Amino acid sequence: MGSLSSKKISSPTQIMAATQFVNDAIAHDNIVIFSKTYCSYCRAAKECFDKLKVSYKSIELDNRNDMDDVQDALEKLTGARSVPRVFINGVFIGGGTEVKNMFKNGKLKELI
């Protein structure tokens with residue numbers, strides 16, 4: 001049996017605004033992590049940057065009214081709406097597992 005979705009229907013204006021927000025965020029900051037405060041994968045990704053002593057912009061989607069719209073914009077951009085979605089210099093590098101693996105093998109430090 002399927003479950004009913006509680007996701008609201010967004011207007012084209014809301015969708016465009018969320019897409020613009022995502023594009024502006026990844027263009028403005030060198031490292032951007034789209035995250036949720038309670039997500040263990042998000043915490044793990046942020047810990048990798050913390051261990052490298054690198055600053056990053058963390059956008060906590062669960063604190064935003066447009067969370068679903070932003071996640072839809074991220075899905076169009078990256079192929080998934082799950083978090084974290086991590087960008088370095090405007091380029092999507094992956095989620096929590098990918099960031100952790102890149103940290104372990106030294107590739108994350110090379111990208112920064």
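Now for a quick tour of the structure.

Conventions we followed
- Residues numbered from 1 in each chain as written.
- Predicted model: local features only at pLDDT ≥ 70, side-chain atom pairs only at ≥ 80, totals over all residues.
- Heavy atoms only, no water.
- Core = buried A, V, L, I, M, F, W, Y, C linked by side-chain atoms within 4.5 Å.
- Buried < 20%, exposed > 50% of the residue type's maximum accessible area, 1.4 Å probe, protein only.
- Helix = DSSP H or I, 4+ residues; strand = E, 2+ residues; numbered from the N terminus.
- Contact = heavy atoms within 4.5 Å.
- Pairing = 2+ DSSP bridges.
- Axes fitted to C-alpha atoms, helices over the stretch in contact; angles between N-to-C directions.
- Parallel < 35°, antiparallel > 145°, perpendicular 65-115°, else oblique.
- Left-handed = near helix turned anticlockwise from the far one by under 90°.
- Nonpolar A, V, L, I, M, F, W, Y, C, P; charged D, E, K, R; others polar.

## Regarding the nonpolar core
Phase 1 of the analysis: Counting residues in hydrophobic clusters, the biggest one holds 15 residues, and the most contacted among them are Val22, Phe34, Ile59, Leu61, Val70 and Leu74.
Phase 2 of the analysis: Elements represented by at least two residues in this core include exactly helix H1 (12–28), strand S1 (31–35) and helix H3 (67–78).
Phase 3 of the analysis: The element contributing the most residues to this core is H1, with four residues.
Phase 4 of the analysis: When residues no more than four places from it in sequence are discounted, the contact partners of valine 22 are Phe34, Val70, Ala73, Leu74 and Leu77.
Phase 5 of the analysis: Ile33, Ile93, Val99 and Met102 belong to the second-largest nonpolar core, a separate cluster that totals twelve residues.

## Digging into the sheet that holds strand S2 (residues 57–60)
Phase 1 of the analysis: Taken together, the four strands give an open sheet; going across it, the order is S2-S1-S3-S4, and neighbouring strands pair in mixed fashion. Looking at which strands have only one partner, the edges of the open sheet turn out to be S2 and strand S4 (91–94). Each neighbouring strand pair of the sheet contributes to a mean axis angle of 25 degrees, computed without reference to strand direction.
Phase 2 of the analysis: Where S1 lies against S2, four bridges are found, and the strand directions are parallel. For isoleucine 33, the partnering residue across the bridge sits in S2 and is serine 58.
Phase 3 of the analysis: Lying on the sheet, H1 is in contact with S1, S2 and strand S3 (85–88); it crosses S1 at an angle near 140 degrees.
Phase 4 of the analysis: Across the sheet, helix H2 (residues 40–51) lies against S1, S2 and S3, angled at about 160 degrees from S1, the strand it touches most.

## Observations concerning the packing of H2 against helix H4 (residues 96–105)
Phase 1 of the analysis: Where H2 meets H4, the axes come as close as 8 Å, and the angle between the chain directions of the two elements is 25 degrees. In terms of their interaxial angle, H2 and H4 are classed as roughly parallel. Remark: the crossing between H2 and H4 carries left-handed chirality. On H4, the residues touching Tyr41, Ala45, Cys48, Phe49 and Lys51 of H2 are Gly96, Thr97, Val99, Lys100 and Phe103.
Phase 2 of the analysis: Looking at the contact of H2 with H4 residue by residue, the class counts come to six nonpolar, two polar and two charged.

## Let's talk about the pairing of S3
Phase 1 of the analysis: Residues Arg85 and Phe87 line one face of S3 and the alternating positions Val86 and Ile88 line the opposite face, and both faces are buried.
Phase 2 of the analysis: The pairing of S1 with S3 spans four bridges and is antiparallel. Paired with valine 32 across the bridge in S3 is phenylalanine 87.
Phase 3 of the analysis: Relative to S4, S3 runs antiparallel, the two sharing three bridges. Bridging across to S4, isoleucine 88 finds its partner in valine 91.
Phase 4 of the analysis: Following S3, the chain reverses through two residues before pairing antiparallel with S4; asparagine 89 in that reversal takes a positive phi of roughly 50 degrees.

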